[in-house]
Amino acid sequence: ALEPLSLGLAIGVASALTGYLSHPRFYCRYVECCPAAEHRLNATALKAQLDTKLFGQHLAKDVVLKAVMGFQSNPSPKKPLTLSLHGWAGTGKNFLSQILAENIHSAGLRSKFVHLFLATLHFPHHNQLQLYQEQLQNWIRGNVSACPQSVFIFDEMDKMHLGLIDAIKPFLDYYEEVDGVSYRKAIFIFLSNAGGDLINKAALDFWTSGKQREEIQLKDLEPMLSVGVFNNKNSGLWHSSLIDRNLIDYFVPFLPLEHKHVKMCVRAEMVARGYAVDEKVVQAVADEMTFFPKEQKIYSDKGCKTVPAKLDIHEDI
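Conventions used here
- Residues numbered from 1 in each chain as written.
- Predicted model: local features only at pLDDT ≥ 70, side-chain atom pairs only at ≥ 80, totals over all residues.
- Heavy atoms only, no water.
- UniProt positions renumbered as here; feature names shortened; annotations may be inferred.
- Pairing = 2+ DSSP bridges.
- Helix = DSSP H or I, 4+ residues; strand = E, 2+ residues; numbered from the N terminus.
- Axes fitted to C-alpha atoms, helices over the stretch in contact; angles between N-to-C directions.
- Contact = heavy atoms within 4.5 Å.
- 1 Å grid on protein atoms, 1.4 Å probe; cavity = no way out; pocket = protein on both sides within 12 Å on 5 of 7 lines; lining within 4 Å.
- Points joined across faces, edges and corners; volume = space filled by probe spheres on them.
- Nonpolar A, V, L, I, M, F, W, Y, C, P; charged D, E, K, R; others polar.
- Core = buried A, V, L, I, M, F, W, Y, C linked by side-chain atoms within 4.5 Å.
- Buried < 20%, exposed > 50% of the residue type's maximum accessible area, 1.4 Å probe, protein only.
- Domains from an automatic or database assignment.
- Buried area = accessible area lost by both parts, 1.4 Å probe.
- Salt bridge = Lys/Arg side-chain N within 4 Å of Asp/Glu carboxyl O.
- Disulfide = S-S within 2.5 Å.

As recorded in an unreviewed UniProt entry, the protein chain goes by the name TOR1B protein, listed as coming from Geococcyx californianus. The heading Sequence similarities (unreviewed entry) in the UniProt record of the protein chain holds the text "Belongs to the ClpA/ClpB family. Torsin subfamily."

A.B. asks: Give me the sheet that holds strand 5 (residues 250-253): which residues, what numbers.
C.D. replies: Pairing is parallel across the open sheet formed by five strands, whose spatial order is 2-3-4-1-5. Each end of this open sheet is capped by a strand with a single partner; those strands are strand 2 (114-118) and strand 5. In this sheet, adjacent strand axes meet at a mean angle of 15° when their direction is disregarded. In terms of strand pairing, strand 2 meets strand 3 (residues 151-155) through five bridges, oriented parallel. Bridged to phenylalanine 117 within strand 3 is phenylalanine 154. Running over the sheet, helix 5 (residues 93-104) touches strand 1 (81-86), strand 2, strand 3 and strand 4 (187-192) and is turned about 165° from strand 4.

A.B. asks: Tell me what's going on with empty space enclosed by the protein, and back it up with residues and numbers.
C.D. replies: One pass over the structure, following the stated rule, counts three cavities of 30 Å³ or more. In this model, the largest cavity occupies a volume close to 140 Å³. Lining of the largest cavity is provided by Pro35, Ala36, Ala37, His39, Arg40, Phe71, Gln72, Asn74, Pro77, Ile104, Gln149 and Lys185. A per-class count over the lining of the largest cavity returns six nonpolar, four polar and two charged.

A.B. asks: I'd like a rundown of the UniProt feature "binding site: ATP" (unreviewed entry) in the protein chain, residues and numbers included.
C.D. replies: The positions that UniProt labels "binding site: ATP" (unreviewed entry) are, in the present scheme, Gly87, Trp88, Ala89, Gly90, Thr91, Gly92, Lys93 and Asn94. For the largest pocket, the lining residues drawn from the annotated set are Ala89, Gly90, Thr91, Gly92, Lys93 and Asn94. In this view, glycine 87 contacts Lys93, Ser192, Asn193, Ala194, Gly196, Ile199 and Phe254; residues no more than four positions away in its chain are not counted. With respect to the secondary-structure elements, threonine 91 resides in the loop between strand 1 and helix 5. Here threonine 91 is in contact with Leu54, Gln57, Phe254, Leu255, Pro256 and Leu257, once residues within four sequence places are set aside.

A.B. asks: Any chance you could break down the nonpolar core for me, citing the residues and the numbers?
C.D. replies: Of all hydrophobic cores here, the largest spans 71 residues; its most connected members are Ile140, Phe154, Ile165, Ile168, Phe188 and Phe190. The element contributing the most residues to this core is helix 4 (residues 58-73), with nine residues. Residue assignment places this core across two domains, with domain 1 (43-254) and domain 2 (258-314) each supplying three or more. Setting aside chain neighbours within four positions, we find isoleucine 140 in contact with Phe152, Phe154, Ile168, Phe171, Tyr183 and Phe188. Counting residues in each nonpolar core, the second largest holds 15 residues, with Leu257, Cys265, Val282 and Leu311 among its members.

A.B. asks: Go over the domain arrangement of the protein chain, please, and point to the residues and values.
C.D. replies: For the protein chain, the domain assignment lists domain 1 (43-254) and domain 2 (258-314). A straight line from the C-alpha centre of domain 1 to that of domain 2 covers 27 Å. In this assembly, ten residues from domain 1 lie in contact with 15 residues from domain 2. Summed over both partners, the interface of domain 1 with domain 2 buries about 1,100 Å², with 70% contributed by carbon and sulfur atoms. Interface area lost by domain 1 to domain 2 is led by Phe55, Trp207 and Arg213, which between them contribute 44%. Residue classes in the side of domain 1 that touches domain 2 are distributed as six nonpolar, three polar and one charged.

A.B. asks: Summarise the pattern of salt bridges; cite the residues concerned and give the values.
C.D. replies: Here the structure, examined in full by the defined rule, presents 13 salt bridges. Here the residues in one salt-bridge network are Lys47, Asp51 and Lys61, joined through shared partners.

A.B. asks: I'd love a proper account of the state of the cysteines, names of residues and values included.
C.D. replies: Inspection of every chain in the model, using the stated rule, returns three disulfides. At a sulfur-sulfur separation of 2.1 Å, the disulfide partner of cysteine 34 is cysteine 147. For the disulfide bridge between cysteine 34 and cysteine 147, the dihedral angle about the S-S bond is near 70°, and by the sign convention the bridge is right-handed. With a gap of 113 residues between them, cysteine 34 in the loop between helix 2 (24-30) and helix 3 (43-53) and cysteine 147 in the loop between helix 7 (129-146) and strand 3 connect regions that are remote in the sequence. A residue is classified by how much of its surface remains accessible, and cysteine 34, at 24% relative accessible area, is partly exposed. Here cysteine 147 falls in the buried class, since its relative accessible area comes to 0%. The disulfide bridge from cysteine 265 ends at cysteine 304, spanning 2.0 Å between sulfur atoms. Taking the torsion about the S-S bond as the criterion, the cysteine 265 to cysteine 304 disulfide, at about 85°, is right-handed. Residue cysteine 265 is located in helix 12 (residues 259-272), and its partner cysteine 304 is located in the loop between strand 7 (299-300) and helix 14 (307-312); the two are separated by 39 residues in the primary sequence.

The following block contains the structure:
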């Protein structure tokens, strides 16, 4: 049998070890933890990633960077940050949301605090709309209770059943708490192709008038975009209370990509694969893309979406 002194010492060592192992600094090295309330994004790192990985989207980069940094620096926001990203496929909406998620939670889309919803996968049946609304509310409530800095990304909003997204309206509103839970530090991001035609027309009008795309400002597109999405039955936000109650903080337009931007995407993909950048390959891939309008051929109709597949057939070069 252990003597009292030895037993006391053993208990003390065990208690100290347990306390050390359970200390957040140690524990969170091996298990993902929700960021502390005072945690702030590294604005320099986020800007550097956006500058080097997202091409041709000066508006989206500027708006999202300022919106997120302003939100994060506010110790007591009045509501969650809600962003609605719009533009044709391949223009960078998913890419930007991925970069943003990685800067908020280091595991990015693999983080247990980042939640990605795909309309066609998670909400496929129209006749189960009420069930989806209840499930969505319960999912958001449970995850924000576990981590106030949760991020929710809704992709394919243009394929979302009408009225479904209104189920989350209470969580986006100016309430201090809903059923004892505060949602004010969460971030909600909607991704949609809806409004892409309006954005493309505006970009083409700027080009036709001899202006640079970098001259396009948010005020040139956002009012038109919010009204267009509100009245578009294929937007997922048709007559939505989220727009009607001004709960979406920013409608972020993604401009159509030009030849030079497609080439940037090809170079970035080659570097990501560990290849030396070969301008002959870059040009060959860009030449296989299709552009619009039919006469001028200014903008890629698929953005950079098919660049990886196009590059595959040129690997032998």
